[in-house]
Amino acid sequence: MTADGKIEIMIASSVYNYEDQINEICGILEQMGYHPISSHYKTMPTDPSKSNLENCLIAAQKCDAFFGIIRPFYGSGIIGETSITHEEMKTAIALKKPRWFIAHRDVRVARELFKQYRYLPDRSLNPDFVYQPTKLLDDIRVIDMYNDTILNDINPAERIGHWTDEYFMMQDIKKVIQTQFHDKERILDIIYKMNAL
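Bear in mind the structure is a predicted one, so any value in this text is a computation, not a measurement.

Novice: Whenever I open this one, the overall build of the protein chain confuses me. Can you help?
Specialist: Helix and strand counts for the protein chain come out as seven helices and seven strands. Helices (α) and strands (β) of the protein chain occur, in sequence order from the N terminus, as β-α-β-α-β-β-β-α-β-α-α-β-α-α. Against the compact-globule benchmark of 16 Å for 197 residues, the protein chain has a radius of gyration of 17 Å, which places it among compact chains. For the protein chain, the spread of C-alpha atoms along the three principal axes comes to 55 × 40 × 35 Å.

Novice: Hey, could you run me through the pattern of salt bridges in this one?
Specialist: If the charged atoms of two oppositely charged side chains come close together, the side chains can form a pair. For the structure on display, the rule yields eight salt bridges. Where E24 meets K174, a salt bridge forms, and the shortest distance between an N and an O atom there is 3.0 Å. Placement of the pair is E24 in helix α1 (residues 19-31) and K174 in helix α6 (residues 170-181), with a sequence separation of 150 residues. Residue E24 is classed as partly exposed on the basis of its relative accessible area, which comes to 33%. Residues R141 and D139 are paired through a salt bridge, measuring 2.7 Å at the closest nitrogen-oxygen approach.

Novice: Would you take a moment to explain helix α5 (residues 141-149) for this structure?
Specialist: Helical geometry note: an α-helix holds 3.6 residues per turn, so side chains three or four residues apart project in the same direction. Within α5, burial applies to V142, I143, M145, Y146, N147 and T149. The inward-facing, buried residues of α5 abut β3 (65-70), β5 (82-83), α3 (84-94), β6 (99-104), α4 (105-118) and β7 (164-167). Note on α5: the residue one or two positions beyond its end, L151, has a positive phi of about 55 degrees.

Novice: Explanation requested: the nonpolar core in the structure shown.
Specialist: Looking at soluble globular proteins, one finds that nonpolar side chains tend to be buried together. With 29 residues, the main nonpolar core has M10, F66, I70 and M89 as its most contacted residues. At the level of elements, β1 (8-12), α2 (52-62), β3, α3, β6, α4 and α5 are the ones that each hand at least two residues to this core. Beyond its immediate sequence surroundings of up to four residues, F66 is in contact with I9, M10, A12, A60, E88, M89, A92, P98, R99, W100 and F101.

Novice: I tried to follow the packing of aromatic side chains on my own but got confused; where do I start?
Specialist: A ring pair, where both rings are aromatic, is described by two values, the distance of the centres and the angle of the planes. As enumerated under the stated definition, the model contains seven aromatic pairs in all. Ring geometry for F67 versus F181: centroids 5.8 Å apart, planes at 90 degrees, classification edge-to-face. One end of the pair, F67, is in strand β3; the other, F181, is in helix α6, and 114 residues separate them in sequence. Neither F67 nor F181 differs from the other in exposure class; each is buried. The structure contains a cluster of three or more aromatic residues connected by ring pairs, namely Y34, F67, W100 and F181. Cation over ring: R71 sits above Y18, and NZ or CZ is 4.1 Å from the ring centre. Here the guanidinium or amino end of K184 rests over the ring plane of Y34, the centre of that ring lying 6.0 Å away.

Novice: Looking at this model, I keep getting lost on the environment of W100. Mind explaining?
Specialist: Here W100 lies in strand β6. Looking at W100, the relative accessible area reads 11%, which means it is buried. Note: C-alpha distance between W100 and T164 (64 residues apart in sequence) is 6.9 Å. Once residues lying within four places of it in the same chain are set aside, the contact partners of W100 are A65, F66, F67, G68, Q180, F181, I187 and I190.

Calculation criteria
Residues numbered from 1 in each chain as written. Predicted model: local features only at pLDDT ≥ 70, side-chain atom pairs only at ≥ 80, totals over all residues. Heavy atoms only, no water. Helix = DSSP H or I, 4+ residues; strand = E, 2+ residues; numbered from the N terminus. Rg over C-alpha atoms; globule rule 2.2 N^0.38 Å. Salt bridge = Lys/Arg side-chain N within 4 Å of Asp/Glu carboxyl O. Buried < 20%, exposed > 50% of the residue type's maximum accessible area, 1.4 Å probe, protein only. Contact = heavy atoms within 4.5 Å. Core = buried A, V, L, I, M, F, W, Y, C linked by side-chain atoms within 4.5 Å. Phe/Tyr/Trp six-rings, centres within 6.5 Å; stacked < 30°, edge-to-face > 60°. Lys NZ or Arg CZ within 6 Å of the ring centre and 35° of its normal.

Structure below.
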């Protein structure tokens, strides 16, 4: 929490070409009384002795709650095998942070379409599958990000915290934000409950 008691919500998203949306999302959360944490919105504290990835992961570890947006574009901050945004999401999941995810409809559709080619009958990855970037989906790892948020590798009956809303337009994102975050007391209760686990 901030010094004045505001709940800190980290917004994780690919940035390029979505700057206006991120500004609007952070502005809405700010108007609702939260403190949005976003590097693009200039509200993420950074330590000059650390890398961009380290700074982002520290923010994901320290935030009170987490809002992840999965777009059909993986992001430019790719370090090693994954993007910074993907690592932020994996950190929030691993730490069992109070978290909410939203994924673009095209990601879910692509996941279903490519499933038959990307996986072998035993559900292992097909080593012969090669994906070429398109204007609709720039990187197949976007699907990995989605699978991580829905806890795809865990038995469905044992999944907790895997709800991922679908969106198509900015209006959908705004509706999810209003539905999930309008009641700050509810969010505080979730934070306290999940921190006690």
